[in-house]
Structure formats: structure tokens, C-alpha cells
Amino acid sequence: MNNLKVAIPVSSKDDNPTMYERFGRASYFCIIETEDDSSVVLANPAVEARGGAGLRAVEFLISNQTQSVIVPQLGPNADQALRRANITIFQGESLPVKDLIAKWKNEELSKL
Amino acid sequence: MQITIVSGKGGTGKTSLAVSLAMTLENVQLLDADVDEPNCSLFLDLNTKLVAEAKIPIPEINYDLCTLCGACSSNCEYNALMKVPDQILVFEKMCHGCGLCSKICPENAITEVPRTIGHLYEGKNEDFLFNFGALIVGEELSTPVISQLKQLISKDKPIIVIDSPPGSSCPMVETVIDSDYVILVSEPTPFGLSDMKMVVKTLRILEKKFGVVINKDGVGNKELELYCQKEEIPVLLKIPFNLEIARNYSEGIPFLNVLPGMDSELKQMIVDIREALQ
């Protein structure tokens with residue numbers, strides 16, 4: 001696997017947060033550098049959007065140079081936006097982000 | 001005179017009342033503005049035909065001019081535009097057609113093109129004119145369909161009766177905004193009262209004159225009437241809870257033709273409304 005920035009929606013700023021069940025309305029995104037496993041947790045500006053939160057979240061991830069996302073599920077708009085932005089989408093599950101990254105590295109997550 | 005029938009809760013009897021009221025009046029226009037689910041026509045023996053399409057303007061981007069500055073997407077209130085590295089994506093169904101993007105684009109790269117979201121229909125006989133709007137299935141914006149339906153309001157009709165969508169949000173506001181009087185139909189149940197209070201609040205902000213019709217009178221409790229007394233809201237009419245009304249309704253017969261004396265009660269209600277407006 002190449003070294004990439006991978007984003008995962010989460011609901012807290014904990015050390016090793018669990019993936020949140022929604023994408024656009026997640027409070028935070030945990031963005032992991034897969035080269036050294038360093039991570040930052042950034043507040044999602046789309047969380048209060050009246051509508052189109054998924055699109056606003058994708059725009060935020062693009063501005064943070066994200067190349068891949070691990071998500072629970074996506075609405076049709078966010079899905080289309082991620083694909084048009086050439087961001088690779090992986091199916092996640094409710095696990096701590098470190099476990100998800102380990103699975104991603106082992107190529108155990110399916111590409112959507 | 002334009003009278004709009006609203007309710008907070010759905011299923012309280014807006015359509016029944018709108019149709020029954022319109023049928024008692026002479027030289028009337030009935031407008032079914034519940035465009036998400038227009039069903040006045042079920043109670044009318046009228047052939048209706050398509051008269052117009054309801055459209056909203058959506059942005060189209062000219063990439064010969066676009067510099068991908070992102071002014072359009074970052075200012076879109078509805079998140080209908082999104083900048084990706086090599087283009088601006090337009091999400092048609094998110095667009096409310098406000099036109100801001102085309103006005104602020106520094107390169108004049110955005111033109112607005114119409115997109116059909118609904119259809120407008122008309123039917124008539126003798127002195128009865130009926131119009132309704134229907135939102136296309138899968139579309140979300142009923143408000144523009146309602147505002148375009150209202151453009152079909154006839155200047156030749158002395159009285160217009162409008163059946164509003166339920167609730168108290170934008171579609172309802174658009175429906176009542178230029179009405180002279182609003183009839184609020186409610187049922188005497190906790191749900192009916194709770195939703196009605198939101199409508200009362202909205203109508204007061206809009207500074208509309210309104211009165212209440214209590215439908216299914218006899219079910220629930222007395223809270224609704226006590227609330228109207230306390231808030232000094234006139235109760236215009238009570239329609240009893242009655243199995244025969246429901247039975248006829250299911251066959252497309254409005255309560256006007258079921259309850260004896262209803263014709264004169266509805267006519268009297270209009271006289272009372274006229275007085276209240278003076």
C-alpha cells in the first residue's frame with residue numbers, strides 16, 4: 001500500500017476513537033497518515049449544515065488532501081462527490097480507528 | 001377574497017373542508033396547493049388537464065470561463081455546488097434556484113437553466129374553477145411549485161379557497177402568505193393541539209387573521225377548545241366525529257353531502273369571516 005491520508009468519521013477526540021455510524025454529520029474526522037500512523041482529529045464543519053452535510057464534509061476532506069476514506073455508509077450525494085474527487089472509499093465497521101487502519105493495511109477492507 | 005385552509009397535523013380534514021366549502025360558494029376558484037399529495041380532485045367530478053410545468057432555475061457552468069475559484073460553491077446556502085480539484089459539481093436536487101451563484105461568479109461562467117420539478121393542472125365547470133399542482137415524485141421542493149400554482153389565481157373570481165400542505169414550514173407559509181384569511185382545521189387530540197400551536201405561532205408572526213374549525217368533534221378532550229378560549233381564537237365551526245362522514249369520504253363524497261344543514265353552516269362561516277375582515 002502507498003502512503004496515504006485516510007479519513008474516518010468519529011464522534012470524539014479520544015486517543016483511539018471508534019468509527020461513527022454516519023458520515024456527513026460526524027462531529028470529527030480522524031485523518032491518519034499511513035506512513036507513520038500519525039493522526040489528527042479535526043472538527044467537521046458540515047455537522048451543523050442545514051442540508052447537504054455529506055457534500056460539505058467531502059469538500060472539507062478534499063481541502064485536507066485526503067486520498068481515502070473508511071466509512072460506515074454514504075448517501076448518494078456524498079458517494080458521487082467522493083468518486084468525482086477521486087477519493088477511494090472503503091467499507092468500515094464500528095471499530096476503533098487503529099483497528100480499522102490495521103485492517104486497511106492488511107487489505108481486509110473492501111473497496112466500495 | 002382569498003381564504004386558505006391549513007392544519008398543523010396532517011389528516012385533520014383540510015381537503016374535506018376546502019372541497020366542501022368551495023362547493024357551497026358561487027363563482028369560486030379552488031386551489032389544491034398540497035402539491036406533495038394533491039387529492040382535492042378525488043372529491044370533484046371534473047376532468048383536469050395539464051396547463052403548465054413548474055420549474056426552478058439551476059446553474060450550468062461554462063468551463064471555457066470557469067477558473068475553479070470556488071466562489072459559487074463556498075457561498076451556496078444549500079450546498080448544491082461543490083468544488084472538486086478539476087470541476088464544480090452541481091447537485092440538482094439540492095438546488096433551491098436562488099440564483100446567487102450566477103450573480104456572484106466573477107467570470108460570469110454560470111447561466112441558469114430551467115429544470116422541471118412539478119406540473120400544474122386545471123379543471124372547470126360552469127362557475128367552478130379548480131387548479132392543483134403536483135410535485136414530481138422524487139423531487140423535494142414543494143415551495144416553488146406552490147408559488148407557480150398561485151400565479152394561476154383568477155382575477156375574475158371573487159373568492160378563492162386554497163387547500164394548504166400540512167405543517168408550519170416553508171410550503172405552508174408560501175401558501176398563506178398573501179391570503180386574506182386563514183382557517184385552521186384541528187382535531188381535539190393532544191397531537192392535533194400540539195401541532196396547531198406551532199401553526200398559531202407562525203400565523204401570528206405572519207400577522208394573518210385566522211379562526212379554527214374543530215373537526216372530529218367528540219373525540220379526544222376539551223383542551224383544544226380551552227386553548228382557543230384562552231388565546232381568544234374564534235371557533236368558526238365544529239364538524240362532528242361521525243362514521244357516515246368517514247364512510248362517504250372513502251367513496252369520494254365530501255361531508256357537505258353527508259351532514260344535513262352543513263351547507264348553511266359553511267355559508268354562515270363565510271359571512272362571519274367577511275365580518276371579521278371588516
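Use the structure listed above.
Residues numbered from 1 in each chain as written. Chains lettered and ligands numbered in written order. Predicted model: local features only at pLDDT ≥ 70, side-chain atom pairs only at ≥ 80, totals over all residues. Heavy atoms only, no water.

> Give a detailed account of the overall build of chain B, specifying residues and quantitative values.
Counting its secondary structure elements, chain B contains 9 helices and 11 strands. Dimensions of chain B, computed from C-alpha atoms along their principal axes, come out at roughly 70 × 45 × 35 Å. The burial tally for chain B puts 52% of its 278 residues in the buried class. Sequence separation of at least 24 residues holds for 73% of the intrachain contacts in chain B that already meet a minimum separation of 6. Charge separation in chain B, taken as the distance between the mean sites of 24 positive and 38 negative side-chain charges, equals 3 Å. (Helix = DSSP H or I, 4+ residues; strand = E, 2+ residues; numbered from the N terminus. Buried < 20%, exposed > 50% of the residue type's maximum accessible area, 1.4 Å probe, protein only. Contact = heavy atoms within 4.5 Å. Lys, Arg positive; Asp, Glu negative; His and termini not counted. Charge placed at Lys NZ, Arg CZ, Asp CG, Glu CD.)

> Go over the interface of chain B and chain A with me, naming the residues and quoting the values.
Taken residue by residue, the interface counts 14 residues in chain B and 15 residues in chain A. Summed over both partners, the interface of chain B with chain A buries about 1200 Å², with 53% contributed by carbon and sulfur atoms. Of all residues in chain B, B:Asn79, B:Met82 and B:Phe91 bury the most surface against chain A, accounting for 45% of the area lost on that side. Across the chain B-chain A interface, the total number found is 0 salt bridges. Looking at the side of chain B that touches chain A, the elements that each hand over two or more residues are strand S4 (81-84) and strand S5 (87-90) of chain B. (Buried area = accessible area lost by both parts, 1.4 Å probe. Salt bridge = Lys/Arg side-chain N within 4 Å of Asp/Glu carboxyl O.)

> So, the sheet that holds strand S3 (residues 39-43) of chain A: which residues are in play, and what are the values?
Residues and elements named next belong to chain A. With respect to topology, 5 strands assemble into an open sheet ordered S3-S2-S1-S4-S5, the strand pairing being mixed. One side of each edge strand has no neighbouring strand; the edge strands of this open sheet are S3 and strand S5 (88-91). Between one strand and the next, the sheet's axes are offset by a mean angle of 25 degrees, whatever the strand orientation. One ladder, built from 2 bridges, connects strand S1 (residues 5-10) with strand S4 (residues 68-71); its direction is parallel. From the neighbouring strand, Val6 faces S4, where its bridge partner is Ser68. Sitting on the sheet, helix H1 (residues 53-63) is in contact with S1, strand S2 (28-33), S3 and S4, with an inclination near 30 degrees to S2. (Pairing = 2+ DSSP bridges. Axes fitted to C-alpha atoms, helices over the stretch in contact; angles between N-to-C directions.)

> An account of the sheet that holds strand S2 (residues 28-32) of chain B is needed here, citing residue identities and associated values.
All names here are of chain B. Taken in spatial order, the 9 strands of this open sheet run S3-S6-S7-S2-S8-S1-S9-S10-S11, and their pairing is mixed. Each having just a single partner strand, strand S3 (49-61) and strand S11 (235-240) make up the two edges of the open sheet. When strand polarity is set aside, the average angle formed by the axes of neighbouring strands in this sheet is 20 degrees. Strand contacts of helix H4 (residues 142-150): S2, S3, strand S6 (110-125) and strand S7 (128-135), with the helix running at about 160 degrees to S7, the strand carrying the most contacts. Each of strand S1 (2-6), strand S8 (159-163), strand S9 (181-186), strand S10 (210-217) and S11 touches helix H9 (residues 262-277); the most contacted strand, S11, lies at about 165 degrees to it.

> Give a detailed account of the nonpolar core, specifying residues and quantitative values.
Judged by nonpolar contacts, the single largest core of 53 residues is most densely connected at A:Phe23, A:Phe29, A:Val58, A:Leu61, A:Val69 and B:Met82. Considering each element in turn, this core owes the most residues, 7 residues, to H1(A). Here this core gathers at least three residues from each of two domains, domain 1 (2-54 + 121-277) and domain 2 (63-108) of chain B. Not counting residues up to four positions away in its chain, the partners in contact with B:Met82 are A:Leu55, A:Val58, A:Glu59, A:Ile62, A:Ala81, B:Ser73, B:Gln87, B:Ile88, B:Leu89 and B:Phe91. B:Cys40, B:Val161, B:Val213 and B:Leu266 belong to the second-largest nonpolar core, a separate cluster that totals 37 residues. (Core = buried A, V, L, I, M, F, W, Y, C linked by side-chain atoms within 4.5 Å. Domains from an automatic or database assignment.)

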